[in-house]
Amino acid sequence: MRIDGRRRDQTRSIKITRDYTKYAEGSVLIEMGETKVLCNASIEEKIPIFLRGSGEGWITAEYNMLPRSTQNRKPRDITRLKVDNRSIEIQRFIGRALRSVVDLKALGERTIWIDCDVIQADGGTRTASITGAFVALVDAINKLHKKVQFKVYPIRNFVTAISVGIVDEEKLVDLCYEEDCNAKVDMNIVLTEDRHIIEIQGAGEKNPFSKDDLDQLFNLAEKSSRYIIQIQKETLKTDCLWIGTGER
């Protein structure tokens, strides 16, 4: 048994609450165990300079950990006059994951901003952010569709992410903070519903790992991904029926 009593292939409890804030077109609070992330999706009727005239839209993300989301207070970026390098890397990770399942041509020349704010951190904040942000993105695009009537529904697939790792020679899924700190191998895997890989971030923190280790970790992630996508579907209910259908 693990620190919190889970099996090695068991994710933490997951709760996704929609419409968590008032003003964002899509707003979700995702809770995975003790990790809690607020994900807001906001629509802006303009695009970055490098896309002007292309007919394509853009999806980008910002990620932030609130000062007491961790055991010791983390100063806000504004007080240090610079963005934390870890935050930059994670927000790019989130943006890539979401763009990969959206038809940016169908979205049109507009930007969707995804803001992921970690309220409480206990490992897996980046993967929880992707899972929650996808639900917020669906809500935002559905609200936009009511106004502009897309000819082609922009979201082509479900996407989710999960952490896996090797701790004390055991291969585990959905690492909590203590497990993550002691991991021999630490990995984040982003997958679509049809099991296509969007991104794998992984490293041998203390020792190299084998191809067999990688295969076993991937299998754990794949199993958990199916479970998490089912929760996304149950949360969205009929609002996810058009995903992957093209025309609506």
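Thresholds, definitions, all that
- Residues numbered from 1 in each chain as written.
- Predicted model: local features only at pLDDT ≥ 70, side-chain atom pairs only at ≥ 80, totals over all residues.
- Heavy atoms only, no water.
- Phe/Tyr/Trp six-rings, centres within 6.5 Å; stacked < 30°, edge-to-face > 60°.
- Buried < 20%, exposed > 50% of the residue type's maximum accessible area, 1.4 Å probe, protein only.
- Helix = DSSP H or I, 4+ residues; strand = E, 2+ residues; numbered from the N terminus.
- Lys NZ or Arg CZ within 6 Å of the ring centre and 35° of its normal.
- Contact = heavy atoms within 4.5 Å.
- Expected span 1.5 Å × (residues − 1).
- Polar contact = N/O pair within 3.5 Å; in protein donor to acceptor, adjacent residues only side chain to side chain.
- UniProt positions renumbered as here; feature names shortened; annotations may be inferred.
- Pairing = 2+ DSSP bridges.
- Axes fitted to C-alpha atoms, helices over the stretch in contact; angles between N-to-C directions.

### Details of the packing of aromatic side chains
Then comes step 1: Overall, the coordinates contain two aromatic pairs when judged by the stated rule.
Then comes step 2: For the ring pair F50 and W58, a centre distance of 5.3 Å and an interplane angle of 90° mean the geometry is edge-to-face.
Then comes step 3: For F50, a relative accessible area of 58% gives the class exposed.
Then comes step 4: Measuring from ring centre to ring centre gives 5.4 Å for F134 and F158, while their planes differ by 45°; the resulting arrangement is tilted. Here F134, found in helix α4 (residues 125-148), pairs with F158, found in the loop between α4 and β6 (159-167); they are 24 residues apart in sequence, far enough to count as distant.
Then comes step 5: The ring of F158 carries K233 above its face, with NZ or CZ at 5.3 Å from the centroid.

### Observations concerning the environment of D174
Then comes step 1: In this fold, D174 is placed in the loop between β7 (170-173) and α5 (177-181).
Then comes step 2: Between the alpha carbons of D174 and S42 there is a distance of 28 Å; along the sequence they are 132 residues apart.
Then comes step 3: Filtering out sequence-adjacent residues up to four positions away, D174 remains in contact with R2, R6, T11, R12, M32, I162, S163 and E179.

### Topic: helix α2 (residues 85-99)
Then comes step 1: Given a rise of 1.5 Å per residue, 15 residues ought to cover 21 Å, and the 21 Å separating the end C-alpha atoms of α2 matches this to within 8%.
Then comes step 2: Between a side-chain oxygen at the N-terminus of α2 and the backbone nitrogen of R86 the separation is 3.0 Å; the capping residue is D84.

### As for the UniProt feature "binding site: phosphate" (unreviewed entry) in the chain
Then comes step 1: UniProt annotation of "binding site: phosphate" (unreviewed entry) refers to R86, G124, T125 and R126 when read in the numbering used here. The largest pairwise C-alpha distance within this set of annotated residues, which runs over 41 residues, is 13.5 Å, so the set is compact in three dimensions.
Then comes step 2: A relative accessible area of 18% places G124 in the buried class.
Then comes step 3: Not counting the four nearest positions on each side in its chain, G124 is found in contact with R12, T35 and L175.
Then comes step 4: In this view, T125 contacts T35, V37, Y63, R86 and V118; residues no more than four positions away in its chain are not counted.
Then comes step 5: Here the side chain of T125 touches Y63 through a polar contact of 2.7 Å, side chain to side chain.

### Describing the sheet that holds strand β2 (residues 26-32)
Then comes step 1: Strand order in the open sheet formed by five strands is β1-β2-β3-β5-β4, with mixed pairing between adjacent strands. One side of each edge strand has no neighbouring strand; the edge strands of this open sheet are β1 (14-18) and β4 (58-65). Direction aside, the axes of adjacent strands within the sheet are offset by 15° on average.
Then comes step 2: Summarising the sheet, strand β3 (residues 35-44) and strand β5 (residues 111-120) pair through nine bridges and their orientation is antiparallel. Bridge pairing links C39 to C116 in β5.

### Quick look at the UniProt feature "domain: Exoribonuclease phosphorolytic" (unreviewed entry) in the chain
Then comes step 1: UniProt tags residues 10-140 and 158-223 as "domain: Exoribonuclease phosphorolytic" (unreviewed entry).
Then comes step 2: In this annotation, residues 10-140 is assigned 30% helix and 31% strand; the end-to-end C-alpha distance for the span is 31 Å.
Then comes step 3: Annotated as 27% helix and 44% strand, the span residues 158-223 places its first and last C-alpha atoms 15 Å apart.

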